[in-house]
Number of protein chains: 2
Amino acid sequence: MEHNTRRPRRNAIVGQSGGPTAAFNATLAGVVRGVLATGGIDRLYGMRNGIEGLQSGRLTDLCAIFTDGNGAPDEDKLRLLAHTPAAALGSCRRKLPDPDDPAGEPIFRALLAVLEQYDIGFFFYIGGNDSMDTVAKLSAYAHRVGFPLTVIGIPKTIDNDLEGTDHTPGFGSAAKLVATTMQEILLDCAVYTIPAVTIVEIMGRNAGWLTAAAALGRVSGGLVPDYVYLPEVDFSMSAFFDDVRQALARHPNVVIAVSEGIHLADGTPVGASAQNVDAFGHAALSGAGKVLEHAVRAELGCKVRSIELNTPQRCGAHILSATDIEESLRVGSAAVTAAAGGVSGVMMTIKRVSDAPYQSEISYCAVADIANLVRLVPAPFINRDGNHVTDECCRAIAPLIAGETLPVFEDGLPRFFVLPDEPTENGNGNA
Amino acid sequence: MEHNTRRPRRNAIVGQSGGPTAAFNATLAGVVRGVLATGGIDRLYGMRNGIEGLQSGRLTDLCAIFTDGNGAPDEDKLRLLAHTPAAALGSCRRKLPDPDDPAGEPIFRALLAVLEQYDIGFFFYIGGNDSMDTVAKLSAYAHRVGFPLTVIGIPKTIDNDLEGTDHTPGFGSAAKLVATTMQEILLDCAVYTIPAVTIVEIMGRNAGWLTAAAALGRVSGGLVPDYVYLPEVDFSMSAFFDDVRQALARHPNVVIAVSEGIHLADGTPVGASAQNVDAFGHAALSGAGKVLEHAVRAELGCKVRSIELNTPQRCGAHILSATDIEESLRVGSAAVTAAAGGVSGVMMTIKRVSDAPYQSEISYCAVADIANLVRLVPAPFINRDGNHVTDECCRAIAPLIAGETLPVFEDGLPRFFVLPDEPTENGNGNA
């Protein structure tokens, strides 16, 4: 390769990948702030829609957008960005080929060509498991061909299922929304005297962290659902019916939290066991909550409803965890500091230093070691019957939802940052 | 009846009835505050679960709960109550018989017996349409039999569908949550480049007010869904497909808001047209959103999802409309003032005095005139094609979501008021 003899690249690029979170853009704001504070990097480009935008050259000069006329950080705009949910740069769900597979060579070459065109030496990628796979592969390829590229992954996922980090940016805000909404639903369920079962379905296909947050009332003097079922435990329909019967014997309003990913002992997702057929003859894969709703109605004959918390879990930003947003910003800035210090091929991590008071520090680990691993809720966090979480679990999650931070409200609605549609760069930025 | 020769009753009672709202308890707090500030009323009882609790004598002395040792209002507790969603007293869905029907006589007699036992002369009932029916009937019956009872209805409903009032307490906070969540969902939908349709189902069986709130970004510089379908307009599946096709031709991310109550021209609810059959052989009445999701997938073959905002619309209290909470408190207090002034057989109303700045005043109207009427979204608030709301509509709703007020957060979770389980009174309160 001809690249390794060139002068070190001085520009940086950042991308977002995977599902939205409420703190995704806080980390992006942290990267922007880090670059503006770091002497060694001239420009920061944002790739639109992750590596899809990198490949097609859809880049935006973020320094131009987030500085005032004098080149100082536009703190108002950065604050607006940090409190805007989803992914300001757009996202993608693209997996890179194996860097050692010659068939994948053209894709990597195309990516490096754009990086070279824009004189980019620092690559930041904010995302979950699949995105860390991208980081690991790009890092490995660049290293193999001698392309001087500092590659850093920055974690984000509401699922909290990445290895190597105590928790992930984005989880705290999602957990706060789930925990808060559960308090509200528990009150809502308490208003009538007729026996009724309410099943709340919470996101999390493989890991039950977010569902566990439904029980946080337990350590903060709030209300607690009767049962919490996680995908870490095989789900038994008969044990579930027994649980519900016992709860109905105790009080009329039974509230249950279930992960979308709960499955039977043979691995069949509970949501797939319905095989609903709609008016158009299509099999409709129901959510686990809806399937359990029908099952309770059929088995127990009582009033039952299901509530799927759905997308607002990942994009709800009207009440954010101050702890999460602060850490998300910090991990973004720390990634730039690490990159400027010569670190590469890593994912940034959060280390819990203490619980009371809660303190954390930002570190990193080799991304190749953790990419594609899933961190499940550990056994001590699940009760013996497998139908609730332990106090230990709640105490571990509680600090992550502490503190409230709100977006800027104007005329009654939150004002969010929206990146201009058209890239501001057309290849003339790498002067 | 023997009652009309007795001295005027000096105690009051308040109940909550119908579906929860986030501002239901703010109105209750207003009534408590009003009673504590009014010399003419000794005690305020709360009926547990509305008239069900009245009939069975399940009453709680609210003055004892919401005053300090010196009989002064416990403002901290009242503030906690005002920011607690659902119905602190519990609710019911009980309809009273026709007051002129002799068959119903025993029920009315039973209610009056409890009122007499507790020396109650003032009856406040906070609720929606069915509750105003209760108010009108109890008022008519008491009047007919000469039982000295001042009866006042206080409106609440997220549906905003009561006649006689500019809007209803509870609507503003629900509309704020819907409008805010729509902003967040619109951002969430924008992150990918693949053409996709997102259908958001919003509460409202007959009236589309809450669904209309999905478009509020229009007058506050925010994002706006492509289409808004209300139950006030007959829904046409073919016109809907045309709409979606046109939107997909404009941009990849199409977002649609629909009321749960949309129906075809023959009156069939869209949600009833699915006839899903689940794993247990039961016909499952889908929501309108889920039915449209399947319809779009079948007709257009594109990526499509539906999101039912569900219960959090009525119990979500982590971000409240300051305007709504303030008015809900005020309407509760004003009801006590009106009752103390001799007004009876009315529903309290909110009059819009001006829009800029927004100002309202509390008044009342004869409850018999408005009970069981439904106030729909008027024609000028719906566009010509029947697939969106007008700016005029958004401007009318916008002031009602203005301002943010939050519950008290502790350890990251909102702290809510929960009434002790057991009634504090056992018949010894009418000394």
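Relevant structure appears above.
Residues numbered from 1 in each chain as written. Chains lettered and ligands numbered in written order. Predicted model: local features only at pLDDT ≥ 70, side-chain atom pairs only at ≥ 80, totals over all residues. Heavy atoms only, no water.

Here the focus is the interface of chain B and chain A. The interface is formed by 69 residues belonging to chain B together with 69 residues belonging to chain A. Both faces considered, chain B and chain A share a buried interface measuring about 5,200 Å² in area, 65% of it formed by carbon and sulfur atoms. Among the ionic pairs, Arg314 of chain A bridges to Asp188 of chain B, the shortest N-O distance being 2.7 Å. Looking at the side of chain B that touches chain A, the elements with two or more residues in it are α7 (171–189), β9 (276–277), α10 (288–300), β11 (303–308), α11 (312–315), β16 (408–410) and β17 (413–415) of chain B. Looking at the side of chain B that touches chain A element by element, the count peaks at 10 residues for α7 of chain B. (Contact = heavy atoms within 4.5 Å. Buried area = accessible area lost by both parts, 1.4 Å probe. Salt bridge = Lys/Arg side-chain N within 4 Å of Asp/Glu carboxyl O. Helix = DSSP H or I, 4+ residues; strand = E, 2+ residues; numbered from the N terminus.)

Turning our eyes to something else, we now look at the environment of Gly40 of chain A. Residue and element names in this part refer to chain A. When you line up the elements, Gly40 lands in the loop between α1 (24–37) and β2 (44–47). Accessibility expressed as a relative area gives 34% for Gly40, which makes it partly exposed. Separated by 161 residues in sequence, Gly40 and Glu201 have C-alpha atoms that sit 47 Å apart. (Buried < 20%, exposed > 50% of the residue type's maximum accessible area, 1.4 Å probe, protein only.)

This paragraph deals with the sheet that holds strand β4 (residues 120–127) of chain B. Residue and element names in this part refer to chain B. Here we have seven strands laid out as an open sheet, ordered β3-β2-β1-β4-β5-β13-β14, and mixed in their pairing. Both outer strands of the open sheet, β3 (59–61) and β14 (358–366), are each paired with one neighbouring strand and no more. When strand polarity is set aside, the average angle formed by the axes of neighbouring strands in this sheet is 30°. Sheet topology places strand β2 (residues 44–47) next to β3; three bridges connect them, and they run antiparallel. Considered in β3, the bridge of Gly46 is made with Thr60. Each of β1 (11–16), β2, β4 and β5 (150–155) touches helix α1 (residues 24–37); the most contacted strand, β1, lies at about 175° to it. Docked against the sheet, helix α6 (residues 129–145) engages β4, β5 and β13 (346–355), running at close to 160° with respect to β4. (Pairing = 2+ DSSP bridges. Axes fitted to C-alpha atoms, helices over the stretch in contact; angles between N-to-C directions.)

To continue, consider the relation of the copies chain B and chain A. Superposing the two chain copies requires a rotation about an axis and a translation along that axis. Superposition of chain B onto chain A requires a rotation of 180° combined with a translation of 0.0 Å along the rotation axis, giving an RMSD of 0.0 Å. The transformation relating the two chain copies, once decomposed into turn and shift, fits a two-fold axis. The residues that chain B uses at the interface reappear at the interface of chain A in 100% of cases, marking a shared surface. (Least-squares fit on C-alpha atoms with pLDDT ≥ 70 in both.)

This part covers the side chain of Asn11 of chain A. All names here are of chain A. Inspection of the secondary structure assignment puts Asn11 in strand β1 (residues 11–16). Asn11 sits in the buried class, given a relative accessible area of 4%. Of the polar contacts made by the side chain of Asn11, one reaches the backbone oxygen of Tyr118; its length is 2.9 Å. Once residues within four sequence positions are removed from consideration, Asn11 is found in contact with Ile41, Asp42, Arg43, Tyr45, Tyr118, Asp119, Ile120, Gly121 and Phe122. (Polar contact = N/O pair within 3.5 Å; in protein donor to acceptor, adjacent residues only side chain to side chain.)

We now examine the nonpolar core. Residues and elements named next belong to chain A. Judged by nonpolar contacts, the single largest core of 91 residues is most densely connected at Phe124 and Met348. When residues in this core are grouped by element, the largest group, nine residues, is from helix α7 (residues 171–189). Among residues more than four places away in sequence, those in contact with Met348 are Ile152, Gly153, Ile154, Pro155, Val331, Ala334, Ala335, Ala338, Ile362, Ser363 and Tyr364. (Core = buried A, V, L, I, M, F, W, Y, C linked by side-chain atoms within 4.5 Å.)

Within the fold, Ser173 of chain A resides in helix α7. Under the relative-accessibility criterion, Ser173 of chain A is labelled buried at 1%.

Glancing now at the sheet that holds β11 of chain B. Residues and elements named next belong to chain B. A sheet is described by the order of its strands in space; here four strands give the open sequence β7-β8-β6-β11, paired in parallel fashion. Each having just a single partner strand, β7 (227–229) and β11 make up the two edges of the open sheet. Put simply, the sheet's adjacent strands are angled 20° from each other on average, direction ignored. Each of β6 (196–202), β8 (253–259) and β11 is contacted by α7, which is oriented at about 165° to β6, the strand it contacts most. Sheet strands in contact with helix α9 (residues 237–250) are β6, β7 and β8, and its direction is about 160° off that of β7.

Moving on, we come to the packing of aromatic side chains. Residues and elements named next belong to chain A. Across all of its chains, the model carries 20 aromatic pairs over all chains by this definition. Their ring planes at 40° and their centres at 5.1 Å tell us that Phe66 and Phe417 sit as a pair that is tilted. With Phe66 in the loop between α3 (62–65) and α4 (75–82) and Phe417 in the segment after β17 (413–415), this residue pair connects regions lying 351 residues apart in the sequence. Exposure class is identical for Phe66 and Phe417. Each is buried. (Phe/Tyr/Trp six-rings, centres within 6.5 Å; stacked < 30°, edge-to-face > 60°.)

Residue and element names in this part refer to chain A. Position of Asp243 relative to the elements: it lies in helix α9 (residues 237–250). Taking the C-alpha atoms as reference, Asp243 lies 42 Å from Val331; in sequence the two are 88 residues apart. Within the local environment of Asp243, its side chain forms a polar contact with the side chain of Asn387, the two groups lying 3.2 Å apart.

Residue and element names in this part refer to chain A. Tallied over the full model, the rule gives 40 salt bridges over all chains. Of the charged contacts in the structure, one is a salt bridge between Asp133 and Lys137, with a shortest N-O distance of 2.9 Å. With a gap of four residues between them, Asp133 and Lys137 both fall in helix α6 (residues 129–145), about one helical turn apart. Residue class for Asp133 comes out buried when judged on its relative accessible area of 6%. On the accessibility criterion, Lys137 (15% relative accessible area) is buried. Arg352 serves as the salt-bridge partner of Asp355, at 2.8 Å between the closest nitrogen and oxygen. Taking the relative accessible area as the measure of exposure, Asp355 reaches 47% and is therefore partly exposed. Look at the salt bridges and you will find they share partners, linking Asp100, Glu105, Arg109 and Arg144 into a network.

Residue and element names in this part refer to chain A. Over its 14 residues, α1 runs 20 Å from end to end, which matches the ideal 20 Å to within 8%, given 1.5 Å per residue. Burial of α1 is extensive: 11 of the 14 residues sit out of reach of the surface. Buried residues of α1: Phe24, Asn25, Ala26, Thr27, Leu28, Ala29, Gly30, Val31, Val32, Gly34 and Val35, and no others. (Expected span 1.5 Å × (residues − 1).)

In this section: helix α12 (residues 322–340) of chain B. Residues and elements named next belong to chain B. Taking 1.5 Å of rise per residue, the 19 residues of α12 would be expected to cover 27 Å, and the 27 Å separating its terminal C-alpha atoms lies within 8% of that figure. Those residues of α12 not exposed but buried are Thr323, Asp324, Ile325, Glu327, Ser328, Leu329, Val331, Gly332, Ala335, Val336, Ala338 and Ala339. With its phi angle positive at about 100°, Gly342 sits one or two positions after the end of α12.

Let us now look at the pairing of β1 of chain A. All names here are of chain A. Counting buried positions along β1 gives six out of six residues, so the element sits mostly inside the fold. Side chains of β1 alternate between two faces, with Asn11, Ile13 and Gly15 and Ala12, Val14 and Gln16 buried alike. Note that β1 and strand β4 (residues 120–127) share six bridges and pair parallel. Across the sheet, Gln16 pairs through a bridge with Ile126, a residue of β4.

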